[in-house]
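Close look at the chain arrangement
Next come the chains, spelled out residue by residue.
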Amino acid sequence: MIRARSRSPEDTRKLAACLAELAQPGDLLLLVGDLGAGKTTFTQGFAAGLDIHEPVTSPTFTLAREYHGRLLLHHLDVFRLEQVSEVLDLGLPELLDSDGVTLIEWGDAIRQALPNDYLEVALTFVDGPINSPDERVVVLSPVGPRWQARSDALAAAIRQWIGEPPC
Amino acid sequence: MTVLDYPEEAPAIVLGIETSCDETAAAVVSGPSDVLSSVISSQVDLHARYGGVVPEIASRAHVELLTPVVAQAVIEAGLSDHEVEAVAATAGPGLIGSLLVGVSAAKSLALAWDVPFVAVNHLEAHLYSSFLEEPDLELPVVVLLVSGGHTLLVLMEAFGRYRLIGQTLDDAAGEAFDKVARFMDLGYPGGPVIDRLAMDGDPEAVTFPRPMYDDGYNFSFSGLKTAVVNHVRTHEDLVVADIAASFQEAVVDVLVYKASKAAEEFGAKGLCLAGGVAANSSLRERLLDACVAAGISGFLPSRSMCTDNAAMVAAAGWQRLQLDGPSPLDTGADPNLALPFIS
């Protein structure tokens, strides 16, 4: 588990872009976090890191969008999916088989339908001082061999965001 | 040429089918704007307890509701099946499972009745919706299309000739309403709930950000949603009506400012609203005020024409038949179908 801290939405975008440098075809990322935690912001930065230049908008309405960059990016929002079968309806196995990277928002709810091989990115608000509304804690948890093999590289890629915040 | 030119030999009576999201709708039009019937069966109650449209539930409900809704639309139009001259259906954008129900039904009916099938872009249907109630609107018009899935500012020069002026870079305006309402446990859908609460609130109680206010014509609502979340998380003794009113004010300020500025800059004869968020009372009032101030005509479709309906699909289908002729029967549904913009 790698714990990092972002000070602003722009910071979250940069961190995500650095992670995207490590992305490989067939990768799966799960984005977990409350409303407003920065899941879309993270995805925008991640897309920029894949050289995707069109606007990355919320997939909430159509559930899935795809973007073309250095790698194909599938961006899914499964917040309203109730059952595992619905995830299959979205063609998730086919997406994971493709040469693209799949990024799922609210992925926590459908974890049981997913292969045990993904990077979980958890974004949380920073409790405590109320004058830091833009700060977020970003926790990366590599699950399964694909991402565990890249643990050190992950930590190195986002080195500047790891460590105690200055007081 | 206006959008209403009408060659006599083309099909006149078009049945339209709309199933892109959570409304099952069918309508019959004659020509470009004469609505003979418009039937809408809303599934909103089915989805309310989930705080949003659940795709699987929506598809199943469309399957159950579509046949009776189509039958009712044909009967209310005072016609029998064999008098329908073409069948139009929304082919996208929308939820793939829901779209497929409508597209498959429309193709089957077209095949069975031996009439043309025409695929309709849901966004184009919304852009055209003002013309069903106001066929003599002078072009070009700027249309502000705001819904749960889309936020677009479009210059419409003719039917089929659209220039993209601006769009959201993250969340749609209606999505921001839904997400704020869900975060505050106000219920679903968020738009009408916040609209109602805001009437008793002070729009100046909290100064929320106006994202990208003076920065071109694109929109961004994700940060505004986060600002509301942050405010609620860090304040006690909140007056919900004040939050609702202040949030709504921020959204409306940005929408009205950019739409009226675009209408002036692009020399539009008028400014139209479209999409579900166009039913918002504050947006309607403020947009009309802005049009009066700018000396252009403003047009607000009735609330039932703003939200998803099949009359706009049938009429846009009629227009597409004039422009392109029928669509092939192997036309598929496309959840991310884009508008054909000219540059």
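See the structure above.
Okay, so let's go over this structure. Just so it is clear, the model here is predicted, and its values are computed rather than measured.

To continue, consider the overall build of chain A. Per the secondary structure count, chain A includes six helices and seven strands. Each helix and strand of chain A, placed in order from N terminus to C terminus, yields the pattern β-α-β-α-β-β-α-α-β-β-β-α-α. Across chain A, contacts joining residues at least 24 apart in sequence account for 66% of those joining residues at least 6 apart. Just so you have it, chain A exposes about 7,300 Å², and 50% of that area is on carbon and sulfur atoms.

Another point: the environment of L153 of chain B. Residue and element names in this part refer to chain B. Checked against the element boundaries, L153 lands in strand β7 (residues 151–158). When the C-alpha atoms of L153 and V142 are compared, they prove to be 7.0 Å apart, with eleven residues separating the residues in sequence. If near-sequence neighbours (up to four positions away) are discounted, L153 is found in contact with V142, V143, L144, R163, L164, I165, G166, Y217, F219, K258, A259 and A262.

This part is about the side chain of K179 of chain B. Within the secondary structure layout, K179 of chain B lies in helix α5 (residues 173–183). Residue class for K179 of chain B comes out buried when judged on its relative accessible area of 7%. With residues up to four places along the chain from it excluded, the contact list for K179 of chain B reads L35, S58 and T60 of chain A together with D171 and K225 of chain B.

Attention now moves to the sheet that holds strand β9 (residues 270–274) of chain B. All names here are of chain B. Strand order in the open sheet made by the five strands is β8-β7-β6-β9-β10, with mixed pairing throughout. Of all strands in the sheet, those bounded by a partner on one side alone are β8 (161–167) and β10 (297–299). Here the average twist between neighbouring strands, direction ignored, is 20°. Bridge analysis of strand β6 (residues 141–146) against β9 gives five bridges, and the strand direction is parallel. Counted as the bridge partner of L144 is L273 from β9. Relative to β6, helix α8 (residues 240–265) is tilted by about 160°, and along the sheet it contacts β6, β7, β8 and β9.

Reading the values: the criteria
Residues numbered from 1 in each chain as written. Chains lettered and ligands numbered in written order. Predicted model: local features only at pLDDT ≥ 70, side-chain atom pairs only at ≥ 80, totals over all residues. Heavy atoms only, no water. Helix = DSSP H or I, 4+ residues; strand = E, 2+ residues; numbered from the N terminus. Contact = heavy atoms within 4.5 Å. Areas by Shrake-Rupley, 256 points an atom, 1.4 Å probe, with all protein chains shown as cover. Buried < 20%, exposed > 50% of the residue type's maximum accessible area, 1.4 Å probe, protein only. Pairing = 2+ DSSP bridges. Axes fitted to C-alpha atoms, helices over the stretch in contact; angles between N-to-C directions.

So yeah, pure geometry; function would need other evidence.
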